[in-house]
Amino acid sequence: MSQISHLAATIFRRGAGANRIVVAVAGPPAAGKSTIAEEIVSLLPAGSAAIVPMDGFHYDDAVLEQIGCRQRKRAPETLDFDGYEVLLRRLRDADADVAVPLFDRSMELSRAAAAIVPKTVKFIVTEGNYLLLDEEPWRRLAPLFDITVFLDVPREEVDRRLVQRWIDYGRGVEAGRAWIDSNDLPNVDRVLGRRRPADITL
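Predicted, not measured: the structure shown is a model, and the values here were computed from it. (Residues numbered from 1 in each chain as written. Predicted model: local features only at pLDDT ≥ 70, side-chain atom pairs only at ≥ 80, totals over all residues. Heavy atoms only, no water.)

**Thoughts on helix α1 (residues 3-14)**
Residues that lie three or four places apart on an α-helix share one face, since the helix turns once every 3.6 residues. With 12 residues, α1 extends 16 Å between its outermost C-alpha atoms, agreeing within 8% with the 16 Å of an ideal straight helix rising 1.5 Å per residue. By the burial criterion, the buried members of α1 are Ile4, Leu7, Ala8 and Ile11. Down the axis of α1, the smallest arc covering the buried residues is 100°, so these residues share one side. Structurally, α1 contributes buried residues whose contacts are with β1 (21-26), α2 (33-43), β5 (123-128), β6 (147-150) and β7 (200-201). (Helix = DSSP H or I, 4+ residues; strand = E, 2+ residues; numbered from the N terminus. Expected span 1.5 Å × (residues − 1). Buried < 20%, exposed > 50% of the residue type's maximum accessible area, 1.4 Å probe, protein only. Arc of directions from axis to C-beta. Contact = heavy atoms within 4.5 Å.)

Shown next, in the form of structure tokens:
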């Protein structure tokens, strides 16, 4: 059995008798969080699971300009933590359909109420860089997760993937390298260096 299959089986067993299970998938940028979340959901019973990305709570670029954080995009301070926390609490209640925002990379902005999580969904897989960040206010998320997963990808591999990501987005090698060094890698180091232990490490 593969690691992901074993993880999905663990999540499924944990759901026995529960109305809802919230699984957190954390890791540095470009670690493969979205891919792993999709694989987990594909292995759970059809219609029983939904993905809720943390990225939907990124501040708009105009807001980042106002608060002086445009050059630190995707750092913890550039996300609406309170909004994300409230959403997780609503999802844990499992008593109503819940609208969730999604981040659109093609437009570099979040779209409000871009998806609906039905109240009948048992498994919520939420993924993001800072779900295990051992800093305030992010520590407040700990009791909202039933299972935590950390993707432990070597920094060198993360760097390689980030370079390819920015090439794919058409930013160019030099501009991409500059952005990675000034913005992405400090976020990577923060995730790797200041995290709480996870239940499962992949």
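Here the narrative resumes.
**Brief notes about the pattern of salt bridges**
Counted by the stated rule, this structure contains 19 salt bridges. Measuring nitrogen to oxygen at the nearest pair gives 3.6 Å for the salt bridge that ties Arg111 to Asp104. Between Glu157 and Arg160 there is a salt bridge, with the nearest N and O atoms lying 2.7 Å from each other. Of this pair, Glu157 and Arg160 both sit in helix α5 (residues 155-168), three residues apart, which is roughly one turn of that helix. Given a relative accessible area of 25%, Glu157 falls into the partly exposed group. A single network of salt bridges, built from pairs that share partners, joins Asp61, Glu65, Arg70 and Lys73. (Salt bridge = Lys/Arg side-chain N within 4 Å of Asp/Glu carboxyl O.)

**What to know about the pairing of strand β4 (residues 109-117)**
Taken together, the six bridges between strand β3 (residues 98-104) and β4 define a ladder with antiparallel strand orientation. From the neighbouring strand, Asp104 faces β4, where its bridge partner is Leu109. Between the end of β3 and the start of β4, which pair antiparallel, lie four residues, with Glu108 showing a positive phi angle near 60°. (Pairing = 2+ DSSP bridges.)

**Description of empty space enclosed by the protein**
If a probe the size of a water molecule is rolled over the atoms, the empty space left behind becomes visible. Scanning all chains against the criterion turns up two cavities of 30 Å³ or more. The computed volume of the largest cavity comes to approximately 40 Å³. As for the largest cavity, its lining consists of Val163, Trp166, Ile167, Gly172, Val173, Gly176, Arg177 and Ile180. Class assignment for the residues of the lining of the largest cavity results in five nonpolar, two polar and one charged. What the second largest cavity holds in volume is close to 30 Å³. As for the second largest cavity, its lining consists of Ala26, Asn129, Tyr130, Leu132, Leu133, Phe150, Val191, Arg194 and Arg195. (1 Å grid on protein atoms, 1.4 Å probe; cavity = no way out; pocket = protein on both sides within 12 Å on 5 of 7 lines; lining within 4 Å. Points joined across faces, edges and corners; volume = space filled by probe spheres on them. Nonpolar A, V, L, I, M, F, W, Y, C, P; charged D, E, K, R; others polar.)

**Focus: the nonpolar core**
Within the largest apolar cluster, 29 residues are counted, with the highest numbers of intra-cluster contacts made by Tyr84, Val117, Ile124, Leu131, Trp138, Leu141 and Phe145. Secondary structure elements with two or more residues in this core: β1, β2 (49-53), α4 (81-93) and β3. Here this core gets five residues from one element, more than from any other, and that element is α4. Residue contacts for Val117: discarding those within four places in its chain leaves Arg20, Ala50, Val52, Leu91, Ala96, Asp97, Val98, Val100 and Ile124. In this structure, Ile4, Val23, Ala37 and Val188 belong to the second largest nonpolar core, which totals 27 residues. (Core = buried A, V, L, I, M, F, W, Y, C linked by side-chain atoms within 4.5 Å.)

**Looking at the environment of Ala16**
Its location among the elements puts Ala16 in the loop between α1 and β1. Between the alpha carbons of Ala16 and Lys122 there is a distance of 9.8 Å; along the sequence they are 106 residues apart.

**Looking at the layout of surface pockets**
Reported here for the largest pocket is a volume of approximately 480 Å³. Lining of the largest pocket is provided by 23 residues; of these, Ser34, Pro53, Asp55, Arg105 and Glu127 occupy positions nearest its centre. Sort the elements by how many residues they give to the lining of the largest pocket and α2 lands first, with four residues. Residues belonging to the lining of the largest pocket are distributed by class as follows: nine nonpolar, six polar and eight charged.

**Quick notes on the sheet that holds β6**
Within a sheet, each strand pairs with its neighbour through backbone hydrogen bonds, oriented either parallel or antiparallel. Taking strand neighbours across the sheet as the criterion, the five strands line up as β2-β5-β1-β6-β7 in an open arrangement whose pairing is parallel. One side of each edge strand has no neighbouring strand; the edge strands of this open sheet are β2 and β7. Across the sheet, α2 is in contact with β1, β2 and β5; its angle to β5 comes to roughly 170°. Docked against the sheet, α4 engages β1, β2 and β5, running at close to 165° with respect to β5. (Axes fitted to C-alpha atoms, helices over the stretch in contact; angles between N-to-C directions.)

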